[in-house]
Amino acid sequence: MRAIASAVAVLTVLLTACASPAASPSPSPTVKPLATITITAPKAGATVPTGDVVVTYDVSDVTLVPAASAQKPEDYHLHAAMDVDTSTWIGTGIPVPVGVQNPSASRLMHTAAKTVTFTNVAAGDHTVTIWLSLASHVSVRPPVSATVKFTVR
């Protein structure tokens, strides 16, 4: 009798486990290990004129897709920020705000282009950071980013 009770208990556990799908952890954003971002202009330490500052960069090993056109979670796009603390988003799992939630649309941009233009940049020292994100606006892990510091006069 004890053997039958044990067999029934084991069978109940097995059936319950098989009948309920196991909770799968949400996938961690990942990136191809060779992806890189290189800011090509302005160069680190450069001095550029006041007004509009055009930042150009190269991205290797991934195809960029405008965030609004993303069809899959792994459709990559970039975020570009000037003089914004990016530690909130890069490598954290926190999405970059979009639309009216964006605290500074002129200084925190979403793009699939390989250039961004920051308008009306005042004289002084500035920092631009570009980072790779998924369609969800979450930074890839491990983070892929580049930063350049330059002066505007």
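The following refers to the structure shown. Keep in mind that what you see is a predicted model, and the values were worked out from it rather than measured.

Rules of the game
- Residues numbered from 1 in each chain as written.
- Predicted model: local features only at pLDDT ≥ 70, side-chain atom pairs only at ≥ 80, totals over all residues.
- Heavy atoms only, no water.
- Helix = DSSP H or I, 4+ residues; strand = E, 2+ residues; numbered from the N terminus.
- Buried < 20%, exposed > 50% of the residue type's maximum accessible area, 1.4 Å probe, protein only.
- Contact = heavy atoms within 4.5 Å.
- Areas by Shrake-Rupley, 256 points an atom, 1.4 Å probe, with all protein chains shown as cover.
- Pairing = 2+ DSSP bridges.
- Core = buried A, V, L, I, M, F, W, Y, C linked by side-chain atoms within 4.5 Å.

**A look at the overall build of the chain**
At step 1: In terms of helices and strands, the chain carries 1 helix and 8 strands.
At step 2: Starting at the N terminus and walking to the C terminus, you meet the elements of the chain as α-β-β-β-β-β-β-β-β.
At step 3: Looking at the chain residue by residue over its 153 residues, the buried ones come to 35%.
At step 4: Summarising the internal contacts of the chain: among those between residues at least 6 apart in sequence, 72% fall at separations of at least 24.
At step 5: A total of about 8,900 Å² of accessible surface is found on the chain, and carbon and sulfur atoms cover 61% of it.

**Examining the pairing of strand 3 (residues 51-60)**
At step 1: Two elements, strand 1 (residues 36-41) and strand 3, share 5 bridges in a ladder whose sense is antiparallel. In the sheet register, Thr38 faces strand 3, and the bridge partner there is Asp58.
At step 2: Note: strand 3 against strand 6 (residues 115-121), 5 bridges, orientation antiparallel. Bridge pairing in strand 6 places Val55 opposite Val116.

**Let's talk about the environment of Gly91**
At step 1: By the element assignment, Gly91 lies in the loop between strand 4 (77-82) and strand 5 (108-111).
At step 2: Spatially, the C-alpha atom of Gly91 lies 9.5 Å from that of Ser133, the residues being 42 residues apart in sequence.
At step 3: Ignoring sequence-local partners within four residues, the contact set of Gly91 consists of Ser139, Val140, Arg141 and Pro143.

**Examining the environment of Ala67**
At step 1: Residue placement: Ala67 occurs in the loop between strand 3 and strand 4.
At step 2: By relative accessible area, Ala67 is classed as partly exposed at 24%.

**A word on the nonpolar core**
At step 1: Membership of the largest hydrophobic core comes to 28 residues, with the highest contact counts inside it found for Ile37, Val55, Tyr57, Phe118, Ile130 and Leu132.
At step 2: Elements represented by at least two residues in this core include exactly strand 1, strand 3, strand 4, strand 6, strand 7 (124-133) and strand 8 (145-152).
At step 3: Core analysis: the next-biggest nonpolar cluster, separate from the first, contains 6 residues, Ala81, Trp89, Ile90 and Trp131 among them.

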